[in-house]
Amino acid sequence: MNESGARGTDLLDLFDGVRLTPTQRRIAHCLVQHAPAVAYLSAAEVAELAGVSQPSVTRFAVALGHDGYPALRRRLRDLTVATPAGSADAGNELQQAVRAEMGNLDRLAGQLADRDRIAETGRLLASSRPLPVLGLRAAAPLAAYFAYFAAKVHPDVRVLDDGGSLLTDRLEQAAEAGASALLAFVLPRYPRETLDALRDARAAGLTIVAITDSPVSPATEHSDVVLPAAVGAQLVFDLHTAPMTLAMVLLQAICDAAPADTQRRLEAFEASAARRQLFRG
């Protein structure tokens with residue numbers, strides 16, 4: 001479960017369209033992970049929490065368009081005012097978790113207004129032969145879910161869901177076989193082996209597309225294309241509704257990149273499925 005509060009994802013609006021340095025991304029990530037507590041901390045305390053210098057926190061505030069950290073802190077307090085626990089409109093904790101996911105999906109819908117970016121990313125992944133798909137630990141089921149359907153329209157999808165020393169071998173083998181891009185699912189708590197794999201993939205010459213939970217995720221430092229989709233953090237374990245939705249949107253873009261090939265492959269699969277009587281009804 002993330003440490004962020006109910007309004008934590010609202011903080012991400014502060015960073016939209018802002019090009020942050022790695023140090024500034026570290027501060028931003030700290031703000032999201034520890035909302036709303038950070039809204040009442042001094043610049044020195046935020047610096048200590050994020051492991052950066054106090055001047056870095058001040059420069060971060062200015063980069064976001066504020067006169068200094070006090071102005072940013074006032075903005076943080078406005079964004080992190082949580083709904084009162086006893087509010088009749090809030091519902092119980094389970095209802096609140098579901099409604100938070102609805103908010104995550106609404107935020108994702110807003111991001112998808114830029115169809116050109118998704119279409120370009122779809123073309124990038126469609127042209128990679130093979131197409132390696134990385135997802136370790138909590139992200140492994142999302143990688144497998146995406147790859148299951150992607151394999152129906154792409155001739156060579158390779159799921160990378162095991163870490164260890166063999167992972168680098170498989171990345172290098174994919175690149176040697178002709179892969180030009182890697183799709184990576186990078187979700188909290190951001191396994192170190194996933195970030196190491198992104199470095200290895202870049203060293204192998206692959207263009208990295210990352211579906212991750214925020215534009216200040218640690219994955220952004222190692223990725224060429226970052227597609228954020230917020231993760232629900234209201235229950236004991238995270239909810240991945242928005243990342244899974246984004247994965248299917250991206251698969252649609254892959255299909256749209258080569259509609260004739262997509263149709264041919266889908267028809268071939270349906271004919272094979274009917275011949276083998278794979279499904280009932």
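Residues numbered from 1 in each chain as written. Predicted model: local features only at pLDDT ≥ 70, side-chain atom pairs only at ≥ 80, totals over all residues. Heavy atoms only, no water.

1. Some remarks on the overall build of the chain
Rules: Strands here mean DSSP runs of E at least two residues long; helices mean DSSP runs of H or I at least four residues long; both are numbered from the N terminus. Relative accessible area decides the class of each residue, using a 1.4 Å probe on protein chains only: under 20% of the type maximum gives buried, over 50% gives exposed, and in between gives partly exposed. In this description, contact between two residues means that some pair of their heavy atoms is separated by no more than 4.5 Å.
When helices and strands are tallied, the chain shows 11 helices and five strands. Projecting the C-alpha coordinates of the chain onto the three principal axes gives extents of approximately 65 × 45 × 35 Å. Here the chain holds 281 residues, and 44% of them are scored as buried. Of all intrachain contacts in the chain linking residues separated by at least 6 positions in sequence, the fraction that spans at least 24 positions is 70%.

2. A few points about the pairing of strand E1 (residues 131-135)
Quick reminder of the rule: For crossovers, right-handed means that the path from the first strand over the helix to the second runs clockwise, given strands pointing away from the viewer. A pair of strands counts as paired when DSSP detects no fewer than two bridges linking them.
Where burial is concerned, most of E1 is hidden: five out of the five residues are buried. Handedness of the β-α-β unit built from E1, helix H7 (residues 140-150) and strand E2 (residues 157-160) comes out right-handed. Summarising the sheet, E1 and strand E3 (residues 181-186) pair through three bridges and their orientation is parallel. In the sheet register, Leu 134 faces E3, and the bridge partner there is Ala 184.

3. Let's talk about the nonpolar core
Put simply, the rule is: Here, nonpolar core refers to any group of buried Ala, Val, Leu, Ile, Met, Phe, Trp, Tyr and Cys residues whose side-chain atoms link them within 4.5 Å.
Leu 125, Val 133, Phe 146, Leu 183, Phe 185, Ile 211 and Leu 227 are the most contacted members of the largest nonpolar core, which has 32 residues in total. Those elements that provide at least two residues to this core are helix H6 (115-126), E1, H7, E3, strand E4 (207-212), strand E5 (225-228) and helix H10 (241-257). Of all the elements, H10 adds the most residues to this core, at eight residues. Setting aside chain neighbours within four positions, we find Leu 125 in contact with Leu 131, His 154, Ala 181, Leu 183, Val 209, Leu 250 and Ile 254. Counting 27 residues, the second-largest nonpolar core is a separate cluster that includes Phe 15, Ile 27, Val 38 and Ala 43.

4. Let's talk about the pattern of salt bridges
Formally: In the sections that follow, a salt bridge refers to a side-chain nitrogen of Lys or Arg positioned within 4 Å of a carboxyl oxygen of Asp or Glu.
Tallying each qualifying case throughout the model produces five salt bridges. Arg 158 serves as the salt-bridge partner of Asp 156, at 3.3 Å between the closest nitrogen and oxygen. Residue classification places Arg 158 among the partly exposed positions, given a relative accessible area of 29%. The closest approach of N and O atoms between Asp 261 and Arg 264, which form a salt bridge, is 3.8 Å. You can see Asp 261 and its partner Arg 264 sitting in helix H11 (residues 259-276), three residues apart, about one turn around the helix. Note on Arg 264: relative accessible area 46%, which makes it partly exposed.

5. Here we look at the side chain of Glu 101
To keep it simple, the criterion reads: Positive charges are assigned to Lys and Arg, negative charges to Asp and Glu, while His and the chain termini are left out of the count. Under this definition, polar contacts are N or O atom pairs within 3.5 Å; protein pairs additionally need one hydrogen-donor-capable and one acceptor-capable atom, and for neighbouring residues in sequence, both atoms have to be side-chain atoms.
Along the chain, Glu 101 falls in helix H5 (residues 93-111). Buried and unpaired, Glu 101 has no salt bridge, with Arg 107 as the nearest side chain of opposite charge at 11 Å. For Glu 101, the side chain forms a polar contact with the side chain of Thr 241, separated by 2.7 Å. Contacts of Glu 101, omitting those with residues within four sequence positions, involve Val 231, Gly 232, Leu 239, His 240, Thr 241 and Ala 242.

6. Some points on the packing of aromatic side chains
Short version of the rule: In this analysis, rings of Phe, Tyr and Trp, with Trp reduced to its six-membered ring, are considered paired at centre separations within 6.5 Å, and the interplanar angle assigns stacked below 30 degrees, edge-to-face beyond 60, and tilted for intermediate values. Throughout this description, the term charge over a ring refers to an Arg CZ or Lys NZ atom that lies within 6 Å of the ring centre and within 35 degrees of the ring normal.
For the structure shown, the criterion picks out four aromatic pairs. Here the aromatic rings of Tyr 145 and Phe 149 are separated by 5.2 Å at their centres, their planes lie at 75°, and the arrangement is edge-to-face. Of the two residues, Tyr 145 and Phe 149 both sit in helix H7, four residues apart, roughly one turn of that helix. A residue is classified by how much of its surface remains accessible, and Tyr 145, at 33% relative accessible area, is partly exposed. Classification of Phe 149 by relative accessible area gives partly exposed; the value is 30%. In this structure, Lys 152 packs its charged tip against the face of Tyr 148, placed 3.9 Å from the ring centre. Sitting above the plane of the Phe 269 ring, Lys 152 keeps its charged end 4.3 Å from the centroid.

7. As for the confidence of the model for the chain
Operational definition: The predictor attaches a confidence to each residue, and that confidence, scored 0 to 100, is pLDDT.
Scored by pLDDT, the chain has a mean of 90; 92% of the residues are at 70 or more. Counting interchain partners and residues more than four positions distant, the pLDDT-below-50 stretch residues 1-6 has 20 contacts. Note that pLDDT drops below 50 for residues 82-88; the model gives that stretch two contacts with residues more than four away or on any other chain.

8. Comments concerning unusual backbone geometry
With an omega dihedral of 5°, the bond running from Arg 129 to Pro 130 counts as a cis peptide bond. Within the secondary structure, Pro 130 is located in the loop between H6 and E1. Looking along the chain, the bond that leaves Pro 188 and enters Arg 189 is cis, with omega of 20°. Take Arg 189: it is sitting in the loop between E3 and helix H9 (192-203). Of note, Arg 137 is a non-glycine position whose phi angle comes to about 55°, a positive value.

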